[in-house]
Protein chains: 2
Amino acid sequence: MQGDPEVAVLRLGHRPGRDERITTHVGLTARALGADRVILAGDGANRAETVADITERFGGPFAVDTVESWRSILREWEGEIVHLTMYGLEVQNVEAEIREAHRERREPLLVVVGAEKIPFDVYEAADWNVGVTNQPHSEIASLAVFLDRLFEGRELDREFEDAEKVVVPQAVGKRVVEADDE
Amino acid sequence: MQGDPEVAVLRLGHRPGRDERITTHVGLTARALGADRVILAGDGANRAETVADITERFGGPFAVDTVESWRSILREWEGEIVHLTMYGLEVQNVEAEIREAHRERREPLLVVVGAEKIPFDVYEAADWNVGVTNQPHSEIASLAVFLDRLFEGRELDREFEDAEKVVVPQAVGKRVVEADDE
């Protein structure tokens, strides 16, 4: 988010056909919950346009990058790396350390989310392997809870710039205004 | 969760072919993050077995129900209803009220998550229409953040019973033990 060191989300392990909507949700969740950028690796790159289109309509800043091989991203990352995995350390036990790295030491953060069968070198490259529970569920859910805890809810007040459309919260029903109407 | 009034998640609007994995992730997220039950409506019912299979292996209690028409569920629910929607009131502004209803007034909670194009009667049936941001992202992400805030993190310490497999948190790598080995 604006004013914080970068938070980028790297999406690995996209399986064509199976993961189309999952990868889209990863990208949109990253944007909505305070990350600055999503990097879609391999076949996940085909979801870039969908995510960029939402940014176009609902505002940013939010970048969508694609990369053929994610290994160079991990190797060259200047900052800390968090890998979200059901096998990792419990988020409630490591989140304070990660926040401290990000907020106090001003380290950019790469948050890696995979699908099934993530190669062992990802575990080794990570500064923290983190489990949002040690139960099998969803990389989207893990990313969402992780970002909400990383930012301690500040992401919910993020203001998006250059939006064409803005949703106005309603008790019942839907209200969407063109940004110029505000 | 055990000791709390019931939290059930109702999944609406599943579109065959498009939403298979999304609906599975909704069910698994509900289980992992403290709900007691998921109700899969309409065509989403075909994901029941996948979710039940995870409960079989990784423990419960967690129920998976299926229903042809969700309208009767909304109509007959005895308790409060929360509908997660990007058009709703901001979660940070209503979560305390919802927690109070659930924890102090001991009201069972039905959490409704849809896909696109949710009929207007869902908005009307809900006691709260709640947005986890007013941005388009993911019903899985919204559910995850909502449950984490509803339970204030207590769900991360939930113990699952009758598991065949238990994941032991690791700084690097994977460790899964058969439940009897513990």
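Quick caveat: nothing in here was measured; it's all calculated off a predicted structure.

(A) Representation of the overall build of chain A within the structure. Per the secondary structure count, chain A includes six helices and eight strands. N-terminal to C-terminal, the α/β element order of chain A is β-α-β-α-β-α-β-α-β-α-β-α-β-β. For 182 residues, the compact-globule estimate of 2.2 N^0.38 gives 16 Å, and chain A sits close to it at 16 Å. Based on the C-alpha atoms only, the size of chain A along its principal axes is roughly 50 × 40 × 30 Å. Residues counted as buried form 60% of the 182 residues belonging to chain A. Restricting to contacts in chain A with at least 6 residues of sequence separation, those with at least 24 account for 83%. A total of about 7600 Å² of accessible surface is found on chain A, and carbon and sulfur atoms cover 43% of it.

(B) Looking closely at the relation of the copies chain B and chain A. Mapping chain B onto chain A is achieved by rotating through 180° and translating by 0.0 Å along the same axis, at an RMSD of 0.0 Å. Such a combination of turn and shift is consistent with a two-fold rotation axis. Of every C-alpha in chain B, the one belonging to A141(B) sits nearest the axis of rotation, 2.4 Å from it. Mapped onto chain A, 100% of the interface residues of chain B are again interface residues, and the two copies thus contact each other with one and the same surface.

(C) Quick peek at the sheet that holds strand β3 (residues 63–67) of chain B. Residues and elements named next belong to chain B. The sheet built from six strands is open, its strands ordered β3-β2-β1-β5-β4-β6 with parallel pairing. Looking at strand neighbours, the two that pair on one side only are β3 and β6 (128–131), the edges of this open sheet. Neighbour to neighbour, the strand axes of the sheet diverge by 30° on average, direction disregarded. Two elements, strand β1 (residues 7–11) and strand β2 (residues 37–41), share four bridges in a ladder whose sense is parallel. Within β2, the position partnered with L10 by the bridge is I39.

(D) Here's a closer look at the UniProt feature "binding site: S-adenosyl-L-methionine" (unreviewed entry) in chain A. Residue and element names in this part refer to chain A. According to UniProt, the positions carrying the feature "binding site: S-adenosyl-L-methionine" (unreviewed entry) are L84. Inspection of the secondary structure puts L84 in strand β4 (residues 80–90). Judged by its relative accessible area of 9%, L84 is buried. Residues in contact with L84, not counting those within four places in the same chain, are V111, V112, V113, V130, S142, L143 and F146.

(E) Looking closely at the sheet that holds strand β2 (residues 37–41) of chain A. All names here are of chain A. The strand order across the open sheet built from six strands is β3-β2-β1-β5-β4-β6, with neighbouring strands paired in parallel fashion. At either end of the open sheet lies a strand with only one pairing partner, and these are β3 (63–67) and β6 (128–131). On average, each strand axis in the sheet is inclined to that of its neighbour by 30°, with strand direction left out of account. Here helix α6 (residues 139–150) sits on the sheet in contact with β1 (7–11), β4 and β5 (109–113), set at roughly 160° to β5.

Each value, and the rule that gives it
- Residues numbered from 1 in each chain as written.
- Chains lettered and ligands numbered in written order.
- Predicted model: local features only at pLDDT ≥ 70, side-chain atom pairs only at ≥ 80, totals over all residues.
- Heavy atoms only, no water.
- Helix = DSSP H or I, 4+ residues; strand = E, 2+ residues; numbered from the N terminus.
- Rg over C-alpha atoms; globule rule 2.2 N^0.38 Å.
- Buried < 20%, exposed > 50% of the residue type's maximum accessible area, 1.4 Å probe, protein only.
- Contact = heavy atoms within 4.5 Å.
- Areas by Shrake-Rupley, 256 points an atom, 1.4 Å probe, with all protein chains shown as cover.
- Least-squares fit on C-alpha atoms with pLDDT ≥ 70 in both.
- Pairing = 2+ DSSP bridges.
- Axes fitted to C-alpha atoms, helices over the stretch in contact; angles between N-to-C directions.
- UniProt positions renumbered as here; feature names shortened; annotations may be inferred.

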